[in-house]
Amino acid sequence: MKVLGTQLAGVARRPARLLLTGLAVLVASFVVYATILAQDITEKTTIEGLSGTPAAADLVIGAAAGSDPYTEVALAPGDIAKFRAVPGVAEAAGRVRAGGDVNGEYLEIMADPGTGPLATTRTIEGTYPSAPGQLAVSPRTASRMGLPVGSTITIHTDWDDKTSKPINPVKLTVTGVVDTEGDFGATAYAPQSTVTALQGRNPSVRQVELRLEPGADSAAVTAAAERIIAAGPKPADGLQAAAVRSGADVRRDEAEAAAADIKTLFMAIGVFVAVAVCAAALVATSTFRIVFAQRMRQLALLRAVGAGRGPLWRALAAEGALTGLVAGVVGVLGALAFGHALPPLIRAFDIAVVSPGAPVRPALYVVLLAVAITVIAVVAPAFTAAKVSPMEALRSASTTSGSKTIGKFRAVVGVLLALGSGLLAAYVVTNLPGRDTKDYDPEPMMLSVVASGLLAFLALMALGPVLVRPLLAALGWPLRRLGPVGRLAVGGVGGAPRRAAAVSVVVALGVTLIASVVVTGASARILTDRQLASSAPADFELRAQESNGGAPATLPATVLTQAKASADLTHVAPYRRLDTIELTGSGLDWKLRANDLAMTALPELKKIDVQNGSLAAIGPGKIAISGWLADDIDARVGSTLDLKAGAKKATVEVVAVFPDSAPLQSELITDPADLTKLGAPANPTGLLVDAAKPDEDGRTAALKAMRQLQRGNTGLGLEVLADQRDEANKIIASVLAVVLGLVGLTVLIAVVGVGTTTALSVVERVRESGLLRAVGLSRGGLRAMLTAESSLYGVIGAAAGLLLGVPYAWLMVKALGVNAPLELPVGQLALVFVALVTFTALAGVLPARKAAKVSPVAALATD
C-alpha cells in the first residue's frame with residue numbers, strides 16, 4: 001500500500017502528466033459517448049418526424065402489428081363510409097393508391113383529404129381537388145412532368161394484355177400544387193373517391209384512419225369497427241384480414257421501422273469507433289512507456305528501499321486505472337455537453353432535431369471501457385518498468401535509455417505474423433473470380449483479406465522498432481540535407497526506435513484505412529461511371545416502341561430535326577438497334593443485341609474503356625463486343641464473326657472488347673453500314689440527348705423540350721437517364737464522406753498521440769535540450785528540431801500506411817467480385833500523405849514552443 005500511495009501522490013503532484021497520459025483515451029471516450037448520443041438524437045428525431053400516419057389519427061384500420069408495410073388487407077372502398085358512420089367517429093380517411101401512364105411516364109396518385117387534421121398535404125398553389133376529374137401534384141412533379149395549375153393530362157390506368165400498351169384513358173385537371181413529406185417527382189393527390197375510380201376493376205384500400213370525437217369511447221369504436229370487418233367477406237388469397245390498432249401504436253411501429261435502418265448504420269459506425277478505440281489503446285501504451293521511462297530512477301529507488309516487483313507493478317497498474325477513470329469521466333461529460341449544445345444550433349437553421357437525453361448506463365459503460373483500455377495499455381509497460389534494477393538509482397539521470405532492438409521472441413512472432421499475412425493474401429489472389437461471378441461467394445475472400453491485413457498490421461507492430469531505421473534512412477535524407485537541425489531531428493527519432501514505432505504505427509493505422517477507402521472509392525467511382533456511361537450515356541433517351549409484329553419501330557425524321565434545332569438540347573445522338581442477331585456457328589441459343597451508336601457522340605461515352613483493342617477502330621466490317629460475349633464464344637481482338645439477322649448476313653472482325661456490357665445493354669457495337677446489311681431500318685430507333693445547361697433549371701427545360709418532341713407522335717417512350725446517374729453519384733459521395741469521416745476518428749487519435757508523445761519527450765529530454773541550447777542552438781532551431789521530429793512520425797507512419805493500404809484496397813476490390821478496375825488516385829493519396837505529415841507536425845508545435853522557453857541553465861540543472 002505504501003508503494004501505491006507513493007505513486008498516487010506523485011500523480012497528484014503532477015496532474016498535467018496525468019492529462020497527457022490519458023489524452024488519447026479521453027478523446028476515445030468522447031467519440032464513443034458522442035456516437036451513442038448521436039444515435040439517440042437520430043432515432044428520436046426519426047420516431048418523432050418520420051411516421052406516415054397523421055398524429056390526429058386515434059385509430060387505424062389496416063395491416064396487423066408486425067406485418068410488412070406493403071401488406072394488402074381485405075378492405076373495400078365501401079367500408080370507409082361504414083367506419084365513418086360509427087358513433088364517436090369525427091372523421092375517416094381512406095388511404096388509397098392508383099397510378100398509370102402519362103406520356104410514357106408513370107404517375108402515382110394517392111388519396112388524401114387535403115384539409116383537416118388527417119391531411120398529410122398542404123396546398124401551396126391553386127386549390128385542392130374538390131370534384132371528380134381533378135388532382136393536385138407535388139412541386140417537383142409539376143416541374144418535372146410539366147403540369148402547372150390548370151393543365152390537363154390523360155392518364156392510362158391499365159395495360160392491354162396482348163400488346164402491353166396503355167389503355168383506359170382518363171382526363172384529369174391539375175387544380176393545385178401541394179407540399180408533402182416526400183417529393184419524388186411523379187406523385188399526385190386527390191380525394192379518395194377520385195383515386196378509387198382510377199383503380200379500375202379491383203379497387204382496394206390500404207388503411208383507414210379514424211379521428212374520434214372528444215370524449216368518445218375508443219374501446220367502443222374499436223369493437224364496432226371489428227364487427228364491420230367480421231361482417232365483411234372472407235379475405236381472398238393473398239389478402240390479410242384487417243386489424244384495428246391505436247394510432248399511437250401504428251406511428252410508433254412506422255417510426256421504429258424507419259429507425260431500424262439507423263441502427264444498422266450505427267452498427268457499421270461502431271466498427272470504425274472500435275478501430276479508433278484500438279488506436280487509443282496503442283497510443284496509451286506508448287505514452288505509459290515514455291512516462292515510466294522518465295521515472296526510472298524513482299522506480300529504482302523504490303526497489304532499492306525494499307519495494308518488490310509485484311507491489312510496484314500493481315501500483316503502476318492502479319495508476320493506469322486512475323488515468324482511465326479520469327479520462328473516461330471527462331470524455332463523457334464533454335460529449336454530453338456537446339450533445340446538448342448541438343441540437344439548438346441545428347434548430348436555428350430550421351432543421352427539426354430532438355435533443356438527446358442523458359443515458360446513464362451507457363455513460364458508465366464508456367467510463368468502464370476507458371478504465372479497461374488504460375489497464376490493458378499499462379500492463380506491458382508496467383511489467384517492464386517493475387523489472388528495473390535497484391542499481392539504476394545510482395545513475396545521475398532520471399531516465400534510462402530505451403532499448404533500440406527487439407527480443408528474439410518478438411522478432412520470431414513478427415516474422416510468423418508477416419508470413420501468415422502473406423499466405424492469406426496469396427490464397428485470395430489465387431482464388432479471385434473471373435468476369436463471370438455467378439458461382440462466386442465473395443464473403444470468404446473478403447474475410448481473408450481482412451484477416452491478412454490484420455496480421456500484417458500486427459506484424460508491423462511487432463517489427464516496428466526494427467523497420468523504423470531503414471524507413472528513416474530512406475525518408476529522412478531530405479531533412480538531413482537541411483543542416484544540423486535536420487540531422488538532429490532524424491537522430492532524435494532514430495535514437496528512440498521503440499517510441500517512434502509505437503507512435504508511427506497508430507498513424508499508419510489511420511493512413512492505411514484512409515488509403516484503402518480512397519483507393520476503393522476511386523475504383524468504385526470508375527466502375528460506376530463506366531456502368532452508368534454504358535446504361536445511361538445521356539440525360540434523356542427517346543425510344544420508339546416495337547410494333548405489334550416485333551419489327552423495329554423508328555423515330556419520325558422530324559423528331560431528329562427538332563431535337564437538333566432546340567436551344568435546350570445538345571449532343572443529339574441518334575442510334576439504330578437490332579435485337580434479333582444470331583452468331584453463326586457459335587452454339588449460342590439466344591439472340592444478340594446490336595446498335596450503331598457512335599462512341600464519340602456523347603461526353604459520357606469517354607468514360608467507357610476497353611479491355612482489349614480500340615473503339616476508334618470501329619468501322620465498316622469492324623465491331624466491338626461485350627466482355628461477356630467474348631468469354632462465351634472465346635473471341636478476342638482479331639477474331640472473325642459471322643452475323644445473321646433473318647436472311648441478312650454480315651462478316652465482321654472484332655477490334656475491341658468491353659470490360660463487361662456494351663452501351664445500351666447490347667452485345668455488339670457496329671458500324672452503321674454493317675447494321676444496314678443486317679436489315680436495320682433507315683431511320684433511327686432511338687435518340688440520346690443531353691441538357692444544354694447542367695443545372696436543375698436546364699434539365700427541366702430540356703425535359704420540356706423532350707416532351708414537346710413526344711407530342712403528336714404516338715409510341716415514343718421517354719426516359720430520364722440523368723436521374724439514375726444523380727442517384728448513383730449521390731450514394732457513392734455520401735458513403736465515401738461518411739466512411740472518411742469515421743476513419744478520421746482514428747487519425748484524430750493518432751495526431752493526439754503524436755502531440756502527447758512530443759510533449760512527454762520534451763519533458764524527458766530537458767537536459768538534452770539545455771545542452772543543445774548551451775552549445776549554440778537557438779530557440780528557433782530547437783523549436784524547428786522538435787517540430788521536425790513530430791513530422792517524421794507522420795512521414796514514417798504515412799509511408800507505412802500507404803504501403804499497406806493500397807495493395808490491400810486493390811485486393812479487396814478484386815475480392816468483391818464486381819469486375820471493378822484497379823485505380824490509383826495518386827493526387828488524392830499524395831494529399832493524404834501531406835495532410836498527415838502536416839497534422840503531426842502541428843501536433844508538435846506547442847510542446848516545441850514550451851521546450852524553447854526553458855533557459856539552458858535551468859535545463860542543465862534538471863535531474
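Residues numbered from 1 in each chain as written. Predicted model: local features only at pLDDT ≥ 70, side-chain atom pairs only at ≥ 80, totals over all residues. Heavy atoms only, no water.

Engineer: Explain the overall build of the protein chain to me, using residue names and the numbers behind them.
Structural biologist: Looking only at helices and strands, the protein chain features 26 helices and 22 strands. Counting all 863 residues of the protein chain, 47% fall into the buried class. Relative to all contacts within the protein chain whose residues are 6 or more apart in sequence, the contacts with residues 24 or more apart total 82%. (Helix = DSSP H or I, 4+ residues; strand = E, 2+ residues; numbered from the N terminus. Buried < 20%, exposed > 50% of the residue type's maximum accessible area, 1.4 Å probe, protein only. Contact = heavy atoms within 4.5 Å.)

Engineer: Explain unusual backbone geometry to me, and be specific about the residues and the numbers.
Structural biologist: In the Ramachandran plot, His571 falls in the positive-phi region, its phi being about 50 degrees despite a non-glycine side chain. Position of His571 among the secondary structure elements: in strand S13 (residues 569–575). The partly exposed category is assigned to His571, whose relative accessible area is 35%.

Engineer: Please give an account of the sheet that holds strand S10 (residues 207–212) that cites residues and values.
Structural biologist: Reading across from one edge, S2-S10-S1-S11 is the order of the four strands in this open sheet, with antiparallel pairing throughout. Sheet topology places strand S2 (89–95) and strand S11 (243–246) at the edges, where each strand pairs with a single neighbour. Each adjacent strand pair in this sheet contributes to an overall mean axis angle of 20 degrees, direction not counted. When strand S1 (residues 59–62) meets S11, the two strands line up antiparallel, connected through four bridges. Within S11, the position partnered with Val60 by the bridge is Arg245. The sheet contacts of helix H4 (residues 77–84) involve S1, S2 and S10, and relative to S2 the element is tilted by about 165 degrees. Contacting S1, S2, S10 and S11, helix H7 (residues 218–231) crosses the sheet at an angle of about 15 degrees to S1. (Pairing = 2+ DSSP bridges. Axes fitted to C-alpha atoms, helices over the stretch in contact; angles between N-to-C directions.)

Engineer: Go over the packing of aromatic side chains with me, naming the residues and quoting the values.
Structural biologist: Here the structure, examined in full by the defined rule, presents one aromatic pair. Where Phe30 meets Phe338, the ring centres are 6.0 Å apart and the plane angle is 55 degrees; that geometry is what we call tilted. With a gap of 308 residues between them, Phe30 in helix H3 (residues 23–49) and Phe338 in helix H10 (residues 309–347) connect regions that are remote in the sequence. For Phe338, a relative accessible area of 46% translates into the label partly exposed. (Phe/Tyr/Trp six-rings, centres within 6.5 Å; stacked < 30°, edge-to-face > 60°.)

Engineer: Would you mind going over the nonpolar core in detail, with residue names and values included?
Structural biologist: By size, the foremost hydrophobic cluster in this structure holds 47 residues, and its most contacted members are Tyr33, Val449, Leu460 and Ile749. Ranked by residue count, the leading element in this core is H3, at nine residues. Here Leu460 is in contact with Leu467, Val505, Ala508, Ala800 and Leu804, once residues within four sequence places are set aside. Core analysis: the second largest hydrophobic core is formed by 40 residues, Val89, Ala98, Val205 and Ala225 among them. (Core = buried A, V, L, I, M, F, W, Y, C linked by side-chain atoms within 4.5 Å.)

Engineer: Account for the environment of Val332, with residues named and values stated.
Structural biologist: In this fold, Val332 is placed in helix H10. On the basis of relative accessibility, which here comes to 8%, the residue Val332 falls in the buried class. Along the primary structure Val332 and Val366 are separated by 34 residues, whereas in three dimensions their C-alpha atoms are 7.4 Å apart.

Engineer: Which residues make up a nonpolar patch on the surface, and what values go with them?
Structural biologist: Together, Leu322, Leu325, Val326, Val329, Val330 and Leu333 make up a nonpolar patch on the protein surface, roughly 450 Å² of accessible area in all. Here Val330 is to be found in helix H10. (Patch = residues over 30% accessible without salt bridge, like charges linked within 9 Å, V, L, I, M, F, W, Y side chains within 5 Å. Areas by Shrake-Rupley, 256 points an atom, 1.4 Å probe, with all protein chains shown as cover. Salt bridge = Lys/Arg side-chain N within 4 Å of Asp/Glu carboxyl O.)

Engineer: Quick one: what's the story with the side chain of Thr175, residue by residue and with numbers?
Structural biologist: Structurally, Thr175 can be placed in strand S8 (residues 166–179). Overall, Thr175 belongs to the buried group, its relative accessible area being 13%. Not counting the four nearest positions on each side in its chain, Thr175 is found in contact with Glu125, Gly126, Thr127, Tyr128, Pro129, Gln134, Leu135 and Val149.

Engineer: Lay out the pairing of strand S17 (residues 622–625) with the relevant residues and their values.
Structural biologist: The sheet contact formed by S17 and strand S19 (residues 648–657) spans four bridges and is parallel. Note on S19: the bridge partner recorded for Lys622 is Glu653. Direction of pairing for S17 relative to strand S20 (residues 668–669): antiparallel, over a ladder of two bridges. Considered in S20, the bridge of Ile625 is made with Leu668.

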